[in-house]
There are 2 protein chains.
Amino acid sequence: MPESISRRGVIASLVATAGVAAAGGALAAGAMKAEPAPPKAEPAPPKAEPAPPKAEAVTPGFPGAHQPGIATAQQRYATFAAFDLQGGERTAFQEIMKRWSGVAERLMRGDPPGAIPGNRADAPAGSGVADGLDPAGLTLTFGLGPEVFGLIGKEKSRPLHLRPLPAFSTDRLEEAWSGGHLLVQICADDAQVVSHAFRALRGQAPGLVRLRWSQQGFLGSFGGGTPRNLLGQKDGTSNPRPGTPEFDAAVWAGDGEPSWFAGGTYLVFRKVRLDLPKWDLTSAADQDRSIGRRRDDGAPLSGGGEFTAPDLAAKGPDGRPSIPADSHVALVRAIPMFRRSYNYDYAVQGITAPIAAGPGREDDGHLHEHHAGNSHDSYDAGVLFCAYARDPEAFNRAQRKLAAADRLNAFVKHTGSAVFAIPPGIRPGSPLAADL
Amino acid sequence: MPESISRRGVIASLVATAGVAAAGGALAAGAMKAEPAPPKAEPAPPKAEPAPPKAEAVTPGFPGAHQPGIATAQQRYATFAAFDLQGGERTAFQEIMKRWSGVAERLMRGDPPGAIPGNRADAPAGSGVADGLDPAGLTLTFGLGPEVFGLIGKEKSRPLHLRPLPAFSTDRLEEAWSGGHLLVQICADDAQVVSHAFRALRGQAPGLVRLRWSQQGFLGSFGGGTPRNLLGQKDGTSNPRPGTPEFDAAVWAGDGEPSWFAGGTYLVFRKVRLDLPKWDLTSAADQDRSIGRRRDDGAPLSGGGEFTAPDLAAKGPDGRPSIPADSHVALVRAIPMFRRSYNYDYAVQGITAPIAAGPGREDDGHLHEHHAGNSHDSYDAGVLFCAYARDPEAFNRAQRKLAAADRLNAFVKHTGSAVFAIPPGIRPGSPLAADL
């Protein structure tokens with residue numbers, strides 16, 4: 001078939017391009033384009049039979065001490081997907097790590113993901129959905145849940161701090177989007193690139209892992225400024241900056257960890273649903289006092305600019321603390337973790353297990369209880385909270401304080417929760433977690 | 001409160017900026033930013049009391065013969081939301097048109113959306129979620145469903161071609177995402193700008209309209225080339241080009257329409273779910289023959305480039321038609337409509353009413369029937385098909401042909417459907433559909 005010969009030609013040239021990019025160490029940056037930009041109105045001459053594509057390009061993996069997608073400048077779109085190992089977990093684990101590592105390194109270079117194992121030989125080596133797209137800063141980041149180490153017979157290699165998160169008094173968790181054996185975090189500046197990568201990784205799953213949940217988020221293009229969450233507030237002001245000693249100390253695995261985990265970290269993932277209709281009916285002053293910062297510029301209510309340290313001792317003209325003691329900022333400060341969260345807004349399409357509505361659920365006697373649409377509960381929007389930390393206990397301590405007193409609790413429901421150990425980066429030619 | 005005074009100051013300056021932009025006729029293009037770009041580490045001096053914000057800026061609406069978001073260069077992210085009128089439909093209709101028109105013109109200028117009617121006076125005039133973001137090409141486009149004209153006592157003004165779509169033999173429609181009295185199409189190059197606009201419009205709804213369904217789509221950044229759908233194929237090659245007589249004849253309301261509808265059009269919306277796991281296990285040649293084009297470059301299988309006219313008489317070396325008679329391209333060509341579709345990929349988060357799985361559902365005896373995840377059916381991805389047309393019958397004719405014979409039917413399920421009359425653009429100072 002002329003068309004399939006032509007496709008093979010393109011693929012062969014991609015593999016060749018990939019080799020060059022790999023030799024240069026390019027990672028998530030090559031602007032390979034698989035198609036010509038200007039539309040041609042006239043027939044191209046038939047191409048000579050090209051060299052067949054190589055079965056597997058020799059590639060360097062995602063080399064380095066750490067996985068990408070953590071210290072990487074945050075991209076605008078993300079999918080998080082959790083998978084569970086199927087029977088024969090140890091073998092399945094090794095096989096999926098190998099497959100995903102290969103797919104990931106190809107995708108991050110902008111190459112097609114490669115064949116689906118067991119698929120017919122004449123099937124394309126990828127969906128083609130991202131042909132002509134820049135990789136758009138794509139990063140793929142993989143994690144291992146607390147149950148994995150038992151399932152694969154590696155309890156002795158369990159990372160020191162990897163255990164299920166404790167229950168918090170304000171949890172409203174749904175099974176549908178909690179837990180998971182393996183996590184994939186897919187981030188890029190183009191949602192179609194994210195979709196392409198998700199599909200490619202999912203295509204490797206049959207017989208090995210089963211998709212458990214997925215979540216999709218975005219961040220506005222704030223041009224390097226601190227992005228705003230759906231409360232309208234700047235979110236991430238007090239984050240440690242990648243590349244600083246503070247960041248390294250907060251994030252990367254520390255003393256006492258098994259040697260294979262050096263360069264790893266932990267990810268705490270929480271689906272945090274916000275009651276935005278209620279928030280929008282709250283006074284500007286009360287909104288700011290819930291956070292402890294001014295929405296406009298992110299400055300603490302004690303004064304200054306966004307990056308001024310909050311002064312919890314400062315008092316207003318009425319003699320009361322400028323920053324309320326139960327505000328978010330007053331309760332959680334200087335937590336040794338790096339937040340890399342996304343906003344989500346599913347409007348009404350994403351409700352698989354709605355929180356029960358009806359009498360008794362409303363937290364207060366607010367006059368605007370019954371909103372448009374299918375009640376408050378049908379509007380599912382909020383934060384996909386992600387925190388990378390040397391020890392998830394940093395998150396737990398903060399969350400316990402918030403659960404006990406945070407003004408924001410009136411607007412916040414944690415409906416999903418998971419924790420993962422994030423293995424270190426890989427050595428050239430080895431899959432993720434090769435030393436486990 | 002110092003923080004709320006500061007916010008008012010920002011809002012006042014926004015309103016002033018808006019006036020200038022409006023006077024210049026800027027629409028959906030002004031790069032107004034509500035916050036300073038560089039983070040300031042030091043306290044700013046307290047601001048003097050600013051002028052209070054004007055209650056309502058005098059604005060030109062979205063002037064012009066047509067609504068934006070149709071001939072507009074397609075943006076990368078979209079939310080489609082359908083609402084139903086609540087009791088007292090005529091009054092509700094007039095009020096929501098007025099409110100939405102005001103919100104829309106403010107948002108398309110990059111201004112805050114304004115107050116939620118009936119909200120407390122000290123609430124902010126918007127969620128702040130897009131403060132600091134460019135409007136990102138935001139357009140808001142509104143439509144009226146077939147039931148509206150009866151409900152508001154305007155049967156005599158019903159657009160000539162506005163009636164429910166007929167049933168097609170391949171329909172697998174779900175009530176959950178079909179129909180609707182009013183449609184809002186929100187498009188921008190930034191998903192956070194889209195989310196901000198959706199929330200602002202929704203905030204005006206209480207007591208007037210009720211959210212019925214919403215859908216969210218994306219398009220990769222193909223740099224002006226034809227975008228690819230999730231089949232990997234270029235989609236839109238044969239679209240008429242905005243600004244051409246062909247486009248105008250295909251899209252804008254024609255003879256026999258009521259005078260108030262001059263400059264209007266119709267939108268056919270279909271949620272088209274694609275069986276991507278099955279597609280990915282199909283040979284490259286069969287994929288191309290289903291479409292009638294080469295995935296690589298979009299050229300018809302009869303030869304040439306993307307924009308070469310398909311030659312249905314051309315035969316291959318085997319003496320059979322190069323473009324199969326039951327391919328998508330062979331069945332539907334030169335349809336007088338303008339497609340402005342988006343891809344969607346909800347992974348597994350969006351399933352509220354899954355298509356029944358189990359024996360009897362599979363269309364063929366494919367070996368790879370049981371895929372990873374929660375079966376095929378849990379992966380909800382495909383096309384939010386949107387066609388603007390002078391007469392929706394153009395779509396109906398094409399869809400009848402496809403339903404009868406299309407090779408793609410094995411991969412395609414239409415699970416949502418709606419049709420709307422799209423009123424013309426507005427006159428300065430008047431709401432949408434003012435002449436209805």
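As the structure is a computational prediction, the values presented were derived from the model and not from experiment.

K.L.:
Lay out the environment of Arg390 of chain B with the relevant residues and their values.
P.N.:
All names here are of chain B. Structurally, Arg390 is set in the loop between β8 (381–389) and α9 (393–405). Sequence separation of Arg390 and Gly254 is 136 residues, and the distance between their C-alpha atoms is 6.4 Å. Apart from the residues lying within four places of it in its own chain, the contact partners of Arg390 are His161, Asp248, Ala249, Ala250, Val251, Trp252, Ala253, Gly254, Glu257, Thr265 and Tyr266. Reaching out from Arg390, the side chain makes a polar contact with the backbone oxygen of Ala249 at a distance of 3.2 Å.

K.L.:
Pulling in residues and values, what's your account of the UniProt feature "domain: Dyp-type peroxidase N-terminal" (unreviewed entry) in chain A?
P.N.:
The UniProt record annotates "domain: Dyp-type peroxidase N-terminal" (unreviewed entry) at residues 67–218 of chain A. Taken end to end, residues 67–218 of chain A comprises 24% helix and 21% strand; its first and last C-alpha atoms sit 21 Å apart.

K.L.:
Run through the packing of aromatic side chains, naming residues and quoting values.
P.N.:
This model, assessed by the stated rule, comprises 31 aromatic pairs over all chains. When the ring of Trp100 of chain B is compared with that of Phe142 of chain B, the centres are 5.7 Å apart and the planes differ by 25°; the resulting orientation is stacked. Of this pair, Trp100 of chain B sits in helix α2 (residues 89–109) while Phe142 of chain B is found in strand β2 (residues 139–144), placing the two residues 42 residues apart along the sequence. Phe142 of chain B sits in the buried class, given a relative accessible area of 1%. Aromatic rings pair up to connect Phe80, Trp213, Phe269 and Tyr342 of chain A into one cluster. Cation over ring: Lys278 of chain A sits above Phe411 of chain A, and NZ or CZ is 5.6 Å from the ring centre. Between Lys271 of chain B and the ring centre of Trp177 of chain B, over which it is positioned, the NZ or CZ distance is 3.3 Å.

K.L.:
Pulling in residues and values, what's your account of the pairing of strand β1 (residues 77–85) of chain B?
P.N.:
Residue and element names in this part refer to chain B. Of all the nine residues making up β1, nine are buried; the element is thus mostly covered by neighbouring parts of the structure. Where burial is concerned, the two faces of β1 agree: the one with Tyr77, Thr79, Ala81, Phe83 and Leu85 and the one with Ala78, Phe80, Ala82 and Asp84 are both buried. Pairing of β1 with strand β3 (residues 182–188), which is carried by seven bridges, proceeds in the antiparallel orientation. Note that in β3 the partner of Ala82 across the bridge is Leu183.

K.L.:
Describe in detail the state of the cysteines, supporting the description with residues and values.
P.N.:
Residues and elements named next belong to chain A. All told, the structure shown has zero disulfides over all chains when counted by the stated rule. Cys187 provides the cysteine sulfur closest to Cys386, a residue in no disulfide bond, and the two sulfurs are 7.8 Å apart. Given the relative accessible area of 0%, Cys386 is considered buried.

K.L.:
Quick rundown of helix α4 (residues 191–202) of chain B? Include the residues and the values.
P.N.:
Along its 12 residues, α4 of chain B runs 16 Å from first to last C-alpha, staying within 8% of the 16 Å computed at 1.5 Å per residue. Buried within α4 of chain B we find Ala191, Gln192, Val193, Val194, Ser195, His196, Ala197, Phe198, Arg199, Ala200, Leu201 and Arg202 of chain B.

K.L.:
Account for the environment of Arg270 of chain A, naming residues and giving values.
P.N.:
All names here are of chain A. Inspection of the secondary structure assignment puts Arg270 in strand β5 (residues 265–274). Among the residues examined, Arg270 registers a relative accessible area of 0% and is labelled buried. Of the polar contacts made by the side chain of Arg270, one reaches the side chain of Ser417; its length is 2.6 Å.

K.L.:
Please set out helix α9 (residues 393–405) of chain A residue by residue, giving values where relevant.
P.N.:
Residues and elements named next belong to chain A. The end-to-end C-alpha separation of α9 is 19 Å, in line with the 18 Å expected for 13 residues at 1.5 Å each. Of all the residues in α9, the buried ones are Ala394, Phe395, Asn396, Ala398, Gln399, Leu402 and Ala403. On its buried side, α9 packs onto β5, α8 (328–331), β8 (381–389) and β9 (412–422).

K.L.:
Before we move on, could you go through the packing of α2 of chain B against α4 of chain B and cite the residues and values that matter?
P.N.:
Residue and element names in this part refer to chain B. Look at α2 against α4: their axes get within 10 Å of each other, and the N-to-C directions meet at 155°. Between α2 and α4, the crossing angle belongs to the class labelled roughly antiparallel. Every pair of crossing elements has a handedness; the one defined by α2 and α4 is right-handed. Counting all contacts with α2, which are made through Trp100, Val103 and Leu107, the residues of α4 involved are His196, Ala197, Ala200 and Leu201. Along the lines of polarity and charge, the residues of the contact of α2 with α4 split into six nonpolar, one polar and no charged.

K.L.:
Summarise the pattern of salt bridges; cite the residues concerned and give the values.
P.N.:
It is possible for side chains of opposite charge to pair when their charged atoms get near one another. Residue and element names in this part refer to chain A. Per the stated rule, a full pass over the model turns up 40 salt bridges over all chains. A salt bridge links Glu393 to Arg400; its shortest N-O distance comes to 3.2 Å. Judged by relative accessible area, Glu393 falls into the partly exposed class, the value being 23%. By relative accessible area, which is 41% here, Arg400 ends up partly exposed. Linked by salt bridges that have partners in common, Asp84, Glu175 and Arg212 make up one network.

Criteria and cut-off values
- Residues numbered from 1 in each chain as written.
- Chains lettered and ligands numbered in written order.
- Predicted model: local features only at pLDDT ≥ 70, side-chain atom pairs only at ≥ 80, totals over all residues.
- Heavy atoms only, no water.
- Helix = DSSP H or I, 4+ residues; strand = E, 2+ residues; numbered from the N terminus.
- Contact = heavy atoms within 4.5 Å.
- Polar contact = N/O pair within 3.5 Å; in protein donor to acceptor, adjacent residues only side chain to side chain.
- UniProt positions renumbered as here; feature names shortened; annotations may be inferred.
- Phe/Tyr/Trp six-rings, centres within 6.5 Å; stacked < 30°, edge-to-face > 60°.
- Buried < 20%, exposed > 50% of the residue type's maximum accessible area, 1.4 Å probe, protein only.
- Lys NZ or Arg CZ within 6 Å of the ring centre and 35° of its normal.
- Pairing = 2+ DSSP bridges.
- Disulfide = S-S within 2.5 Å.
- Expected span 1.5 Å × (residues − 1).
- Axes fitted to C-alpha atoms, helices over the stretch in contact; angles between N-to-C directions.
- Parallel < 35°, antiparallel > 145°, perpendicular 65-115°, else oblique.
- Left-handed = near helix turned anticlockwise from the far one by under 90°.
- Nonpolar A, V, L, I, M, F, W, Y, C, P; charged D, E, K, R; others polar.
- Salt bridge = Lys/Arg side-chain N within 4 Å of Asp/Glu carboxyl O.

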